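So you can see what is in the structure, the chains are spelled out below.
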Amino acid sequence: MKRTNISSGTPWEPIVGYSRAVRVGDTVHVSGTTATGADGKIVGVGDAYEQAVQTLRNIESALHKAGARLEDVVRTRIYVMNIAEWEKIGRAHGEFFGKIRPATAMVQVGGFVSPEMLVEIEAEAIVTSRATKKPGAAKAKRRKR
């Protein structure tokens, strides 16, 4: 199976030796993702909800680069600095995944690489085939009648 590494361009990827996402076949694994903005700074400093939203936007971007969508996500893992903020973080997760409802877990951790980071999320997706009409399929169906 073909393997595709997806980079977000952060300086940490080559230093640590990881990819933002990796696609092998129809499976996409998105690394632990934080609320890092395009400028490399943390979005929503001090606000767990805003960080969760930005983190999920970053995951959505990585999925798109890998040819997947949020609808393909089957599992997320949410790591938080303060479990008392679970409702804020859960609300953000629900705004992105409320109808998709992947399997998930939320756990409190001792810290992240930056003290400004409050949330980190991983995701796994299985890209399902998109039903498309084959050219001429409608004609063939009409002829059968």
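The structure reproduced in this document is the subject of the present report. Because the structure is predicted, anything quoted here is derived from the model rather than measured. (Residues numbered from 1 in each chain as written. Predicted model: local features only at pLDDT ≥ 70, side-chain atom pairs only at ≥ 80, totals over all residues. Heavy atoms only, no water.)

As for unusual backbone geometry
Working note: non-glycine residues mostly have negative phi, and peptide bonds are mostly trans. Convention followed: Secondary structure counts use DSSP, requiring at least four H or I residues in a row for a helix and at least two E residues in a row for a strand, with both numbered from the N terminus. Under the scheme applied here, a residue whose accessible area is under 20% of the maximum for its type counts as buried, over 50% as exposed, and between as partly exposed, the area being computed with a 1.4 Å probe on protein chains only.
Backbone geometry places Arg101, a non-glycine residue, at a positive phi of 55 degrees. Looking at the secondary structure, you find Arg101 in the loop between helix H3 (86-97) and strand S5 (103-108). When its relative accessible area of 69% is taken as the criterion, Arg101 is described as exposed.

Things to note about the side chain of Arg20
Going by this rule: Distance and chemistry together define a polar contact, namely a pair of N or O atoms within 3.5 Å, with one atom able to donate a hydrogen and the other to accept it when in protein, and with adjacent residues in sequence counting only for side-chain atoms on both sides. Throughout, a contact is declared for two residues whenever any of their heavy atoms are within 4.5 Å.
Following the sequence through the fold, Arg20 ends up in the loop between helix H1 (12-16) and strand S2 (21-24). Within the structure, the side chain of Arg20 is placed 3.1 Å from the side chain of Thr33, a separation counted as a polar contact. Among all residues touching Arg20, those that are not within four sequence positions of it are Ile6, Ser7, Ser8, Glu13, His29, Val30, Ser31, Gly32, Thr33 and Ala62.

Comments concerning the sheet that holds strand S4 (residues 73-80)
In any sheet, the strands associate via hydrogen bonds between backbone groups, in a parallel or an antiparallel arrangement. To keep things clear, this is the line we draw: We call two strands paired when DSSP finds no fewer than two bridges between them. Comment: axis = line fitted to C-alpha atoms, over the contacting stretch for helices; angle = value between 0 and 180 degrees taken between N-to-C directions.
Across the sheet, six strands lie side by side as S1-S2-S3-S6-S4-S5; this open sheet has mixed pairing. Each end of this open sheet is capped by a strand with a single partner; those strands are strand S1 (3-6) and S5. If you compare each strand with its neighbour and ignore which way they point, the axes differ by 10 degrees on average. When strand S3 (residues 27-33) meets strand S6 (residues 119-126), the two strands line up antiparallel, connected through five bridges. In the sheet register, Thr33 faces S6, and the bridge partner there is Ile121. Running at roughly 30 degrees to S6, helix H2 (residues 48-65) makes contact with S1, S2, S3, S4 and S6 of the sheet. Against the sheet, H3 touches S4, S5 and S6, its axis set at about 160 degrees to S4.

Some thoughts on the environment of Lys41
Looking at the secondary structure, you find Lys41 in the loop between S3 and H2. Accessibility expressed as a relative area gives 58% for Lys41, which makes it exposed. In sequence terms Lys41 and Glu116 are 75 residues apart; their C-alpha atoms lie 9.6 Å from each other. Residue contacts for Lys41: discarding those within four places in its chain leaves Ala35 and Thr36.

Quick notes on a nonpolar patch on the surface
Counted only if it meets this: Residues with no salt bridge and a relative accessible area higher than 30% make up the patches, which join like charges within 9 Å and nonpolar side chains (Val, Leu, Ile, Met, Phe, Trp, Tyr) within 5 Å. Accessible surface area values rest on a Shrake-Rupley calculation with a 1.4 Å probe, where residue burial reflects the displayed protein chains alone. The working definition used for a salt bridge is a side-chain nitrogen of Lys or Arg within 4 Å of a carboxyl oxygen of Asp or Glu.
Taken together, the side chains of Trp12, Ile15 and Val16 make up a nonpolar region of the molecular surface, amounting to roughly 340 Å² of accessible area. Structurally, the position occupied by Ile15 is in helix H1.

Details of the pattern of salt bridges
If the charged atoms of two oppositely charged side chains come close together, the side chains can form a pair. Under the counting rule described, the total for this entry stands at six salt bridges. Here Glu71 ties to Arg69 by a salt bridge, and the two come within 3.9 Å at their closest N and O atoms. On the basis of relative accessibility, which here comes to 36%, the residue Arg69 falls in the partly exposed class. The partner of Glu85 in a salt bridge is Lys88, and the shortest N-O contact between them spans 3.2 Å. Each of the salt bridges in this network shares a partner with another, and the network as a whole consists of Arg77, Glu122 and Glu124.

Quick look at the layout of surface pockets
Stated precisely, the cut-off is as follows: Note on definitions: the grid is 1 Å and covers protein atoms alone; a cavity is a set of points where a 1.4 Å probe fits but cannot get out; a pocket is an open set with protein on both sides within 12 Å along at least five of seven lines; lining residues have an atom within 4 Å of a point. Grid points are joined across faces, edges and corners, and a volume is the space filled by probe spheres set on the points.
Size it by volume and the largest pocket reaches roughly 610 Å³. Lining the largest pocket are 25 residues, with Thr10, Trp12, Arg20, Thr34 and Thr36 positioned closest to its centre. For the lining of the largest pocket, the element with the highest residue contribution is H2, accounting for five residues.

Everything listed here is a matter of coordinates, which is why it stays silent on function.
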